[in-house]
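Here are the chains, one letter per residue:
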Amino acid sequence: MDKNKTIIRSTTVVCVRDNESVVIASDGQVTLGTSVIKSNANKIRTFHNDQIIVGFAGSTADALTLFDRLEKKCEEFSYNLKRACVELAKDWRTDRYLRRLESMIIAADKSETYLISGTGDVLEPQEGIVAIGSGGNFALSAARALKRKSNLSAKEIATESLKVAAELCIYTNDTLNISEIKI
């Protein structure tokens, strides 16, 4: 890695699904080096009349580029989220420009959730839970435990798992953004 390159670390995004809703939640912190640049960034976007939610971690410009591409793929494939995600992953991996993008995204609709990466991965999460970003593993662990051992709603699980991540990850704060689709 280039020692002179500034590393931007930011975000924890979690998606939780239950029988009543699907929720994507994120923290609001953006960090540059050892400084918090912004504490209330929104890392969640919706489209198709709020029927598709996308959360992103990584470079903001890269994530927004991928969000726009995913939205276009969804339009192209009649809002078949799985097909759109697979086609985006193919483009992301093979396109000379896109393959340099440094981000990960979670996309969800009423029936499906996918994690999409630049290595061509399109993954469906176990137990309806997936998380990305610097505090992703903390949030994922907390969300799985809460889903298994409580009667909390998807929104409550997402909220609590991000609070746990904020306690453990210095690149995650407790300023939350939450988007929910009722099933």
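Preceding this paragraph is the structure being described.
Below is a summary of the structure that appears in this document. (Residues numbered from 1 in each chain as written. Predicted model: local features only at pLDDT ≥ 70, side-chain atom pairs only at ≥ 80, totals over all residues. Heavy atoms only, no water.)

Observations regarding the environment of Ser-153
1) Next: Within the secondary structure, Ser-153 is located in the loop between α3 (136-149) and α4 (154-168).
2) Next: For Ser-153, a relative accessible area of 28% puts it in the partly exposed group.
3) Next: Separated by 134 residues in sequence, Ser-153 and Asn-19 have C-alpha atoms that sit 9.1 Å apart. (Helix = DSSP H or I, 4+ residues; strand = E, 2+ residues; numbered from the N terminus. Buried < 20%, exposed > 50% of the residue type's maximum accessible area, 1.4 Å probe, protein only.)

Looking at the pattern of salt bridges
Two side chains carrying opposite charge are able to pair once their charged atoms lie near each other.
1) Next: Scanning the model with the defined rule gives 8 salt bridges in all.
2) Next: The salt bridge partner of Lys-73 is Asp-91, with a shortest N-O separation of 2.8 Å. Taken together, the residues Lys-73 in helix α1 (residues 60-76) and Asp-91 in helix α2 (residues 81-94) connect sequence positions 18 residues apart.
3) Next: Looking at Asp-91, the relative accessible area reads 24%, which means it is partly exposed.
4) Next: A single network of salt bridges, built from pairs that share partners, joins Lys-73, Glu-76 and Asp-91. (Salt bridge = Lys/Arg side-chain N within 4 Å of Asp/Glu carboxyl O.)

Section: the packing of α3 against α4
1) Next: Closest axis-to-axis distance for the α3/α4 pair is 8 Å, and the angle between their directions is 140°. What the angle tells us is that α3 and α4 run oblique. You can see that α3 and α4 cross each other, and the crossing is right-handed. When α3 is examined against α4, the residues Phe-138, Ala-139, Ala-142, Ala-143, Leu-146 and Lys-147 are found in contact with a partner set consisting of Ile-157, Glu-160, Ser-161, Val-164, Ala-165 and Leu-168.
2) Next: By residue class, the composition of the contact of α3 with α4 is 9 nonpolar, 1 polar and 2 charged. (Axes fitted to C-alpha atoms, helices over the stretch in contact; angles between N-to-C directions. Parallel < 35°, antiparallel > 145°, perpendicular 65-115°, else oblique. Left-handed = near helix turned anticlockwise from the far one by under 90°. Contact = heavy atoms within 4.5 Å. Nonpolar A, V, L, I, M, F, W, Y, C, P; charged D, E, K, R; others polar.)

Details of the sheet that holds strand β6 (residues 44-47)
1) Next: Strand order in the open sheet formed by 5 strands is β6-β7-β8-β9-β10, with antiparallel pairing between adjacent strands. At either end of the open sheet lies a strand with only one pairing partner, and these are β6 and β10 (122-123).
2) Next: Together, β6, β7 (52-58) and β8 (103-108) form the strand contacts of α1, whose direction differs from that of β6 by roughly 20°.
3) Next: Packed onto the sheet, α2 meets β7, β8, β9 (113-116) and β10 and runs at close to 0° relative to β9. (Pairing = 2+ DSSP bridges.)

Quick look at the pairing of strand β12 (residues 177-182)
1) Next: Alternating residues of β12 divide into Asn-177, Ser-179 and Ile-181, all buried, and Ile-178, Glu-180 and Lys-182, none buried.
2) Next: Summarising the sheet, strand β3 (residues 21-26) and β12 pair through 6 bridges and their orientation is antiparallel. Residue pairing for β12: Val-22 is matched across the bridge by Ile-181.

Brief notes about unusual backbone geometry
1) Next: Its identity as a non-glycine residue notwithstanding, Asp-50 has a phi of 60°, on the positive side.
2) Next: Residue position: Asp-50 is located in the loop between β6 and β7.
3) Next: The backbone phi angle of Ser-78 is positive, close to 50°, even though this residue is not glycine.
4) Next: Tracing the backbone shows Ser-78 in the loop between α1 and α2.

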